[in-house]
Each structure stands twice: as structure tokens, then as C-alpha cells.
Amino acid sequence: MVLEPILCPSCGSEDVVKHGQSEEGKQRYKCRHLECSRRTFIRQYAYRGYLPEVKQQIADMATNGSGIRDTARVLRISPTTVIEQLKKKPKTESGE
Ligand SMILES: [Zn+2]
């Protein structure tokens, strides 16, 4: 049995708990992140990843020279996530 992390679609936090079910019978979750504006959500994304907007933010911050730790802190995600995302990003320049 593989447990995939449930991520808040608003802030990307993994600090979520089960929160009953929606009218459609889908599992509902509640984000416990203190600064997150979203209270409950339904898991919509089957992939082990993050919202496109978060990915874009990671890419943008990297482009602007932000460090991995800074990016993780600002986006409230783990540094590991940032690293994974940056690895996936195709390189536009050769040589490093
Ligand atoms: Zn959240």
C-alpha cells in the first residue's frame, strides 16, 4: 500500500487531515496550515506533484536567483520539493 502525500491545493502544505466527505462522496481534506486561506478541499490531483502555478513560481524564483531554501520558505513547501521540481525542469542552457 502506497500512501501518497495529500497536498493542499492552495499552499502546497502536506499538513492536511481528513475532513469528512463531500456531497459526491469524495474524501474531503482540511488544511492545517496556519496562514492558508483555504480550509477544506477535495483532492483533485492524482499525480504526486503540485499545482502548475506552484511549479511556475518555483521556476520563476529560480530564474530570479532565489535559493532553494528561500523558494521553499516563500512558497511554504519543502526544499525537497523545490529540488525535485528544478530537476524536472528541462535545462535551457547547456554547460554547467
Ligand atoms: Zn493550505
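See above for the structure.
Described below are features of the structure shown in this document. (Residues numbered from 1 in each chain as written. Predicted model: local features only at pLDDT ≥ 70, side-chain atom pairs only at ≥ 80, totals over all residues. Heavy atoms only, no water.)

**What about the overall build of the chain?**
Then, in step 1: Helix and strand counts for the chain stand at three helices and three strands.
Then, in step 2: In the chain, the succession of α and β elements from N to C terminus is β-β-β-α-α-α.
Then, in step 3: For the chain, with 96 residues in total, the buried portion stands at 28%.
Then, in step 4: Taking the intrachain contacts of the chain between residues at least 6 apart in sequence as the baseline, contacts between residues at least 24 apart amount to 33%.
Then, in step 5: Just so you have it, the chain exposes about 7,100 Å², and 48% of that area is on carbon and sulfur atoms. (Helix = DSSP H or I, 4+ residues; strand = E, 2+ residues; numbered from the N terminus. Buried < 20%, exposed > 50% of the residue type's maximum accessible area, 1.4 Å probe, protein only. Contact = heavy atoms within 4.5 Å. Areas by Shrake-Rupley, 256 points an atom, 1.4 Å probe, with all protein chains shown as cover.)

**Here we look at the coordination of the zinc ion**
Then, in step 1: Those donors, Cys8 (SG), Cys11 (SG), Cys31 (SG) and Cys36 (SG), are the protein atoms that reach the zinc ion, and they lie 2.2 to 2.4 Å from it.
Then, in step 2: Geometry at the zinc ion is tetrahedral, judged from the four donor atoms that bind it and their angles of 107 to 111° at the metal.
Then, in step 3: Mapped onto the polypeptide sequence, the residues donating to the zinc ion form the spacing pattern C-x2-C-x19-C-x4-C.
Then, in step 4: Note on Cys11: relative accessible area 5%, which makes it buried. (Donors = N, O, S within 2.8 Å, 3.2 Å for Na, K, Ca; no water. Tetrahedral: all angles 85-135°; square planar, octahedral: opposite > 155°, others 65-115°.)

**Describing the sheet that holds strand β1 (residues 16-21)**
Then, in step 1: Reading across the sheet, the three strands line up as β1-β2-β3 and stay open at both edges, with antiparallel pairing between neighbours. Single-partner strands in this sheet number two, and they are β1 and β3 (40-42). Across the sheet, the mean angle separating the axes of adjacent strands is 40° when strand polarity is ignored.
Then, in step 2: Sheet topology places β1 next to strand β2 (residues 27-31); four bridges connect them, and they run antiparallel. Looking across to β2, one finds that Gln21 is bridged to Gln27. (Pairing = 2+ DSSP bridges. Axes fitted to C-alpha atoms, helices over the stretch in contact; angles between N-to-C directions.)

**Notes on the packing of aromatic side chains**
Each aromatic ring pair is summarised here by two numbers: the centre-to-centre distance and the angle between the ring planes.
Then, in step 1: Tallied over the full model, the rule gives one aromatic pair.
Then, in step 2: An angle of 25° between the planes, with centres 5.9 Å apart, marks the rings of Tyr29 and Phe41 as stacked. Of this pair, Tyr29 sits in strand β2 while Phe41 sits in strand β3, placing them 12 residues apart in sequence. An identical accessibility class is assigned to Tyr29 and Phe41; each is buried. (Phe/Tyr/Trp six-rings, centres within 6.5 Å; stacked < 30°, edge-to-face > 60°.)

**Brief notes about the packing of helix α1 (residues 52-63) against helix α3 (residues 79-88)**
Then, in step 1: In contact at an axis separation of 10 Å, α1 and α3 are set at 80° when each is read in the N-to-C sense. The pairing of α1 with α3 is recorded here as roughly perpendicular in orientation. Along its contact with α1, which presents Lys55, Ile58 and Ala62, the element α3 presents Val82, Gln85 and Leu86.
Then, in step 2: For the contact of α1 with α3, the class distribution of residues is four nonpolar, one polar and one charged. (Parallel < 35°, antiparallel > 145°, perpendicular 65-115°, else oblique. Nonpolar A, V, L, I, M, F, W, Y, C, P; charged D, E, K, R; others polar.)

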